[in-house]
Amino acid sequence: MKNVLFRRKNLEELLIKKGDIQLQQSLGAFDLMLLGVGAIVGTGIFILPGTVAAEHAGPGIIFSFIIAAIVCALAAMCYSEFSSSVPVTGSAYTYGYIVFGELVAWLVGWALLLEYGLAVAAVATGWSAYLSALLEGFNIIIPKAISGSFNPADGTYVNIPAIAIIFATAFLLTLGIKESTKFNTIMVFIKVGVILLFIGVGIFYVEPANWQPFTPFGMNGVMSGAALVFFAYLGFDAVSSAAEEVKNPQRNMPIGIIGSLFICTILYVAVSLVLTGMVSYTKLNVSDPVSFVMQIVHQDWVAGVISLGAVVGMMTVILVMSYGGTRLLYAFGRDGLLPKSMYELSKKYKTPVKNTWVFATLVAFCAGFVPLSKLAELVNIGTLIAFTIVSIGVIFLRKNKSIPSNGFKVPFFPILPICSFLLCLFLITQLSVYTWIACGVWFVFGLIFYFAYGKNHSVMNQE
């Protein structure tokens with residue numbers, strides 16, 4: 001039984017080109033960086049800096065963002081070594097399969113499925129709210145009954161805009177990753193342009209007196225702020241899902257993953273500095289702090305443009321997270337842990353059309369009919385589980401002499417991977433008991449499915 005549950009994939013077999021079921025290699029380093037920025041910069045930059053500054057860190061939130069970026073950078077380097085050494089789709093799931101074996105890989109993949117699925121559903125719900133607010137400015141009113149999460153007590157029954165954006169994104173993904181990245185590129189440039197507009201206009205309204213005191217809650221506040229804003233960086237791991245569709249992955253994957261993280265850190269720090277300099281941090285505990293401060297200084301047109309930027313920004317998050325989810329299902333199907341239909345590619349577009357629509361349908365149901373407020377933390381625990389596996393997995397990866405050693409290497413090995421592993425474990429312990437229980441229930445369902453279907457249909461049985 002032990003030999004079955006912990007059987008490991010052979011990298012050479014995964015790298016063999018398989019004709020009609022081979023994803024096309026069409027992405028460069030710049031495409032990957034834009035994918036990363038598209039996934040990372042979403043609701044976080046428009047909401048988190050205000051609430052975290054008001055309640056935890058004050059202007060010292062810039063230190064919170066830098067500390068969180070360092071933690072993410074450690075995990076990002078581990079991801080970079082894996083994705084350049086093992087350029088195969090499936091992200092942490094595939095890495096776990098090669099290093100630890102089938103059961104661990106399935107559980108990591110199951111956790112990632114939770115992350116991608118709930119992230120798409122939650123962001124689509126937020127996108128719907130921002131869209132409704134934006135349209136109200138043009139006197140276009142979407143009825144409340146069809147534009148909110150299921151909550152009959154509050155008069156909402158289905159979230160039609162959220163369902164619509166998920167299906168629209170799925171259609172785009174079926175056309176091919178290159179077409180999807182073209183759309184993502186346009187949206188990212190609009191989103192970053194809006195952020196730069198805020199910084200460029202807001203900097204003229206900065207009053208240094210608002211930065212006093214800089215750390216009103218002390219270092220404890222800065223550290224608790226770091227634990228919260230850490231989640232503003234989630235999404236860079238989805239870039240590793242593109243490994244099989246990247247030209248020269250040994251060079252381009254590390255540039256894409258680490259580069260996108262670096263760009264986002266600069267944007268977050270700059271926005272936080274301007275935000276806390278324009279208005280006292282005590283006034284920033286609002287749901288739309290970036291628009292809020294612009295209205296205070298009577299720059300209403302900028303506030304309107306920022307609302308548009310938030311709508312655009314969340315569209316790219318939905319796109320990249322949906323992409324990560326479909327490629328994960330593709331990897332599951334390839335390995336026999338899910339039905340083979342998840343592994344079929346369209347002959348015309350060379351994309352997994354069936355699994356894209358299956359993923360979109362399930363996620364759209366969650367976004368349209370399930371209140372997601374209590375499930376949001378599950379996104380975080382799914383991500384952190386994957387981070388811990390990838391961080392410790394790098395140590396075992398180095399011991400495998402059959403894997404090419406010409407890719408990116410984590411510096412100061414094995415100290416940095418161990419630090420990354422311990423920091424991710426620490427952040428997991430900061431999550432609520434409810435999250436642990438809900439995550440446990442999800443994993444029980446995953447184990448039942450694996451033992452009922454996956455273990456017996458795995459392609460490893462044939463080998």
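Structure shown above.
Analysis parameters
Residues numbered from 1 in each chain as written. Predicted model: local features only at pLDDT ≥ 70, side-chain atom pairs only at ≥ 80, totals over all residues. Heavy atoms only, no water. Helix = DSSP H or I, 4+ residues; strand = E, 2+ residues; numbered from the N terminus. Rg over C-alpha atoms; globule rule 2.2 N^0.38 Å. Buried < 20%, exposed > 50% of the residue type's maximum accessible area, 1.4 Å probe, protein only. Contact = heavy atoms within 4.5 Å. Areas by Shrake-Rupley, 256 points an atom, 1.4 Å probe, with all protein chains shown as cover. Lys, Arg positive; Asp, Glu negative; His and termini not counted. Charge placed at Lys NZ, Arg CZ, Asp CG, Glu CD. 1 Å grid on protein atoms, 1.4 Å probe; cavity = no way out; pocket = protein on both sides within 12 Å on 5 of 7 lines; lining within 4 Å. Points joined across faces, edges and corners; volume = space filled by probe spheres on them. Nonpolar A, V, L, I, M, F, W, Y, C, P; charged D, E, K, R; others polar. Axes fitted to C-alpha atoms, helices over the stretch in contact; angles between N-to-C directions. Parallel < 35°, antiparallel > 145°, perpendicular 65-115°, else oblique. Left-handed = near helix turned anticlockwise from the far one by under 90°. Polar contact = N/O pair within 3.5 Å; in protein donor to acceptor, adjacent residues only side chain to side chain. Expected span 1.5 Å × (residues − 1). Phe/Tyr/Trp six-rings, centres within 6.5 Å; stacked < 30°, edge-to-face > 60°. Salt bridge = Lys/Arg side-chain N within 4 Å of Asp/Glu carboxyl O. Core = buried A, V, L, I, M, F, W, Y, C linked by side-chain atoms within 4.5 Å.

I would appreciate a short explanation of the overall build of the protein chain in the present structure.
Tallying secondary structure elements over the protein chain gives 18 helices and zero strands in all. Its C-alpha atoms give the protein chain a radius of gyration of 22 Å, within 12% of the compact-globule value 23 Å for 463 residues. The principal-axis extent of the C-alpha atoms belonging to the protein chain is close to 70 × 50 × 40 Å. By residue count, 59% of the 463 residues in the protein chain fall in the buried class. Taking the contacts inside the protein chain whose residues are at least 6 apart along the sequence as the reference set, 84% of them involve residues at least 24 apart. As displayed, the protein chain has an accessible area near 18,200 Å², and 70% of this comes from carbon and sulfur atoms. In the protein chain, the 26 positive side-chain charges and the 21 negative ones have mean positions that sit 9 Å from each other.

I tried to follow the layout of surface pockets on my own but got confused; where do I start?
One way to see where empty space is left: roll a probe the size of a water molecule over the atoms. In this structure, the second largest pocket spans a volume of roughly 370 Å³. As for the second largest pocket, its lining consists of 16 residues, and the residues nearest its centre are Leu113, Gly117, Leu362, Val363 and Trp442. Counting only elements with at least two residues in the lining of the second largest pocket, the list comes to helix 7 (102-136) and helix 15 (353-369). Split into classes, the residues belonging to the lining of the second largest pocket amount to 15 nonpolar, one polar and no charged.

Can you help me understand the packing of helix 7 against helix 18 (residues 433-457) in this one?
Each pair of packed helices gets described by two things: the angle between the helix axes and the distance between those axes. Interhelical geometry of helix 7 versus helix 18 gives an angle of 130 degrees and a closest axis separation of 10 Å. Comparing the axis directions of helix 7 and helix 18 gives the class oblique. Handedness of the crossing formed by helix 7 with helix 18: right-handed. In this structure, helix 7 contributes Glu102, Leu103, Trp106, Leu107, Trp110, Ala111 and Leu114 to the contact, and helix 18 contributes Trp442, Phe443, Phe445, Gly446, Leu447, Phe449, Tyr450 and Lys455. The class makeup of the residues in the contact of helix 7 with helix 18 is 12 nonpolar, one polar and two charged.

Would you mind going over the side chain of Asn159 with me for this structure?
Relative to the helices and strands, Asn159 is located in the loop between helix 7 and helix 8 (160-174). At a separation of 2.8 Å, a polar atom in the side chain of Asn159 contacts the side chain of Ser128. When sequence neighbours within four positions are dropped, the list of residues in contact with Asn159 reads Thr125, Ser128, Ile146, Ser147, Gly148, Ser149, Ala367 and Gly368.

Help me understand helix 5 (residues 61-85), please; the structure alone is not making it clear to me.
Its 25 residues give helix 5 an end-to-end C-alpha distance of 36 Å, which sits within 8% of 36 Å, the value for a rise of 1.5 Å per residue. Of all 25 residues in helix 5, 20 are buried; the element is thus mostly enclosed.

Looking at this structure, I do not really get the packing of aromatic side chains. What am I missing?
Given two aromatic rings, one states the distance between the centres and the angle between the planes to describe the pair. For the structure on display, the rule yields 21 aromatic pairs. Where Phe65 meets Tyr233, the ring centres are 6.3 Å apart and the plane angle is 75 degrees; that geometry is what we call edge-to-face. Within this pair, whereas Phe65 is found in helix 5, its partner Tyr233 is found in the loop between helix 10 (218-229) and helix 11 (236-239), the two being separated by 168 residues in sequence. Just as Phe65 is buried, Tyr233 falls in that class too. Consider the rings of Tyr93 and Phe332, whose centres lie 4.7 Å apart with planes at 75 degrees: the pair is edge-to-face. Of this pair, Tyr93 sits in helix 6 (residues 92-99) while Phe332 is found in helix 14 (residues 300-334), placing the two residues 239 residues apart along the sequence. With respect to class, Tyr93 is no different from Phe332; both count as buried. Put simply, the rings of Tyr93, Tyr97, Trp106, Trp110, Phe332, Trp442, Phe449, Tyr450, Phe451 and Tyr453 touch in pairs and so form one group of aromatic residues.

Mind showing me how you'd approach the packing of helix 9 (residues 177-202) against helix 14 here?
Across the interface, helix 9 lies against helix 14 with an axial gap of 9 Å and an inter-helix angle of 145 degrees. Crossing geometry of helix 9 relative to helix 14 is assigned as left-handed. Residue classes in the contact of helix 9 with helix 14 are distributed as 18 nonpolar, five polar and two charged.

Mind showing me how you'd approach the pattern of salt bridges here?
Side chains that differ in sign of charge can pair as their charged atoms come close. Enumeration over the complete set of coordinates arrives at four salt bridges. Note that Arg7 and Glu102 form a salt bridge whose closest N and O atoms lie 3.0 Å from each other. Placement of the pair is Arg7 in the loop between helix 1 (2-5) and helix 2 (11-15) and Glu102 in helix 7, with a sequence separation of 95 residues. Just as Arg7 is buried, Glu102 falls in that class too. A salt bridge links Arg398 to Glu81, with the nearest nitrogen and oxygen atoms 2.6 Å apart. Highlighted residues: Arg398 in helix 16 (residues 376-399) and Glu81 in helix 5, separated in sequence by 317 residues. Arg398 sits in the partly exposed class, given a relative accessible area of 24%.

I tried to follow the nonpolar core on my own but got confused; where do I start?
Generally speaking, soluble globular proteins have nonpolar side chains that are buried together. Residues Tyr79, Ile166, Phe198, Phe230, Phe236, Met294 and Phe387 are the most contacted members of the largest nonpolar core, which totals 154 residues. At 20 residues, helix 7 tops the list of elements feeding residues into this core. Residues in contact with Ile166, not counting those within four places in the same chain, are Val120, Ala124, Ala360, Val363, Ala364 and Ala367.

Would you explain helix 3 (residues 29-40) in this entry?
Helical geometry note: an α-helix holds 3.6 residues per turn, so side chains three or four residues apart project in the same direction. Here helix 3 spans 16 Å end to end across 12 residues, near enough to the 16 Å set by a 1.5 Å rise per residue. With respect to burial, helix 3 is a largely interior element, 11 of its 12 residues being buried. Contacts from the buried residues of helix 3 go to helix 9, helix 11, helix 12 (249-278) and helix 14.

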